[in-house]
Amino acid sequence: MKILIQNGLLIDPENLVCSKRSLYLENGKVAPVPESEVKADLVIDAKNKIVCPGFIDIHMHEDPIGPDGKLYSDEEKAILACMVRMGVTTAVGGNCGENSYHPAEYMDIADRDGTYTNIAMLAGHQYFRRLSGCADDYASAAPEQIKACAAAMEDALTRGCAGISYGIRYVPGMDSKELTETAAGAKKQGKMVAAHIRDDASAVFSAAREFLDAGLTLDVPLQVSHIGSMAGFGQMGDFLSLIDDYRMKNPRIFCDCYPYDAFSTALGSATYNDGWLRRYNCSYDAVELAEGKYKGQRCTKEIFDEVRRDKPQCKTICYVMEQSQVDLAYTHPAVIMGSDGLMSAGAGHPRASGAFPRFIRRYVKGGKLSMFDAINRITAMPAKQLGLKNKGNLSIGSDGDVVIFDPETIEERSSFDSPLIAPVGIDYVIVNGTPAVKDGKIINGRAGKSARVY
């Protein structure tokens, strides 16, 4: 397919391009703009619009694989459908140590059937730890289990996974020795290691040092996950200073953050272990249940205890972060925007369908970031951190992943009450040279494929 995009303001931070110019896509790739008239299959007039590389979500949680061996693909409720509607052309699953399915096989299925977006995967430590025989997240892994886990994750990396992820918070039994030994494959292949660190709020500094010290041993790109929900309680300034201390030793350390002041996790997770009320200085009603019979209700102690006991996988939204602290995170040049999107059959946090438009609306239209800087944080920066050389830029020969949006009208419409509503202001989302979204509506849900790193 041949697509000619004209009259738009083309912003390509990787190549330091920011000017009104045409863009040409042919056979799924960025191609030179023909000097003579070309018979394109689609000509798009992007006057008064921004044309940029497709957004890359460095931190999200992928849809499950069903009993039929296929990706969950409900057009309204699947998270990859939510992703593409808000401009994401490459989503990175397997974060926080969690995989819904073997990550390399997940990408195989994406290539077989097609997806709403391109999908890159991280090899989740918790997933492989359990496969290696250590089912107790609170227990130390035996040496043979650590060895088996490391070998399985290295195999996943060899098959194209972009890196390894840890949910240290969710696996209290692991220590730094287990981290460095299981990440041996990432060190060997020079791939990224990401982590949801062990603790937050007042304990965030020791938790960060644990991961960052291990990272110095590994000498690989490091990604500190969703720092708004880790240091967004009054610690952000000092936390960013700590990151800088380590960046002086390893400049490949980056963080990600989503632009909301509420986090989301399962009620049965370690986040809600004893002491959480004191840690967040809140009461039970700070927690809203996102699914089940109490969906949309704030917790009481009785509801909290009941659901945590009977439905520990129930998704929650916890309103405890400070928006000013989240805003502060984006003043740092090493902070990438990632949604941390998570959906359970349509139930979840609005970040899964609104994070990217909200980021542009709040920080660009709000005068906190330039458009160039904002686009850099959602295209070139995550692509470089992940090693996705043909993503996040509009170089000749790169993949034809493009977003066209109106800088004046782009805005999230999803809310905590209605987390699935698509944003407005996005004219086109093009995935691998194929229009996937037009005016907020999905027109092709099979244009995506795996985004592997070798």
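My aim in this report is to walk through the structure given alongside it, one point at a time.

### As for the packing of aromatic side chains
Here is step 1 of the chain: On inspection of all chains with the given rule, the structure shows 16 aromatic pairs.
Here is step 2 of the chain: Measuring from ring centre to ring centre gives 5.2 Å for Tyr-272 and Trp-276, while their planes differ by 85°; the resulting arrangement is edge-to-face. Taken as a pair, Tyr-272 and Trp-276 share a single burial class, namely buried.
Here is step 3 of the chain: Consider the rings of Trp-276 and Phe-304, whose centres lie 5.2 Å apart with planes at 20°: the pair is stacked. Within this pair, whereas Trp-276 is found in helix α10 (residues 276-280), its partner Phe-304 is found in helix α11 (residues 301-310), the two being separated by 28 residues in sequence. Neither Trp-276 nor Phe-304 differs from the other in exposure class; each is buried.

### Brief notes about the sheet that holds strand β15 (residues 263-266)
Here is step 1 of the chain: On the basis of which strands lie adjacent, the open sheet formed by 3 strands has the order β15-β17-β16 and antiparallel pairing. Strands at the two margins of the open sheet, each flanked by one partner only, are β15 and β16 (287-289). The sheet shows a mean angle of 30° between the axes of neighbouring strands, direction not considered.
Here is step 2 of the chain: Bridging between β16 and strand β17 (residues 315-318) involves 3 bridges; their strand directions are antiparallel. The residue bridging Val-287 from the neighbouring strand is Cys-318, located in β17.

### Comments concerning the sheet that holds strand β5 (residues 29-31)
Here is step 1 of the chain: Reading across the sheet, the 4 strands line up as β5-β4-β1-β6 and stay open at both edges, with mixed pairing between neighbours. Strand pairing shows two members of the sheet lacking a second neighbour, β5 and β6 (42-45), which therefore form its edges. Direction aside, neighbouring strands of the sheet carry axes that sit 25° apart on average.
Here is step 2 of the chain: Where strand β1 (residues 2-6) and β6 come together, 4 bridges link them in parallel fashion. Paired with Leu-4 across the two strands is Val-43, which belongs to β6.

### A closer look at the packing of helix α13 (residues 351-364) against helix α14 (residues 371-378)
Here is step 1 of the chain: Running from N to C, α13 and α14 point in directions that differ by 155°, and their axes come no closer than 10 Å. In terms of orientation, α13 and α14 fall into the roughly antiparallel class. Note that α13 runs across α14; the crossing there is right-handed. Only Met-371, Ala-374, Arg-377 and Ile-378 of α14 make contact with α13, whose side of the interface consists of Phe-356, Phe-359, Ile-360 and Val-364.
Here is step 2 of the chain: Tallied by class, the residues present in the contact of α13 with α14 amount to 7 nonpolar, no polar and 1 charged.

Rules used in this analysis
As a convention, each chain's residues are numbered from 1 in the sequence order in which they are written. With pLDDT at 70 or above as the cut-off, local features in this predicted model cover only qualifying residues; side-chain atom pairs require 80 or more to be listed or tallied, and sums for whole chains, interfaces and linings still use all residues. To obtain the side-chain values, all non-hydrogen atoms of the structure were used and water was disregarded. Only Phe, Tyr and Trp rings take part, Trp by its six-membered ring, and two of them pair if their centres are within 6.5 Å. Stacked means planes under 30 degrees apart, edge-to-face means over 60, and tilted covers everything else. Think of it in three bands: residues with accessible area under 20% of the maximum for their type are buried, residues over 50% are exposed, and the middle band is partly exposed, with areas taken using a 1.4 Å probe on protein chains only. Here a helix means four or more residues in a row that DSSP labels H or I, a strand means two or more in a row labelled E, and each is numbered from the N terminus. Only when DSSP finds a minimum of two bridges between them are two strands counted as paired. Every axis in this analysis is a line fitted to C-alpha atoms, fitted for helices over the stretch in contact. Angles between the N-to-C directions lie between 0 and 180 degrees. Any angle that is under 35 degrees is reported as roughly parallel, and any over 145 degrees as roughly antiparallel; angles of 65 to 115 degrees are reported as roughly perpendicular and all others as oblique. Definitions for this section: a left-handed crossing has its near helix turned counterclockwise from the far helix by less than a right angle. A right-handed crossing has that turn clockwise. Any two residues whose heavy atoms approach within 4.5 Å are treated as being in contact. Charged residues are taken to be Asp, Glu, Lys and Arg, nonpolar residues to be Ala, Val, Leu, Ile, Met, Phe, Trp, Tyr, Cys and Pro, and polar residues to be all remaining types, Gly included.

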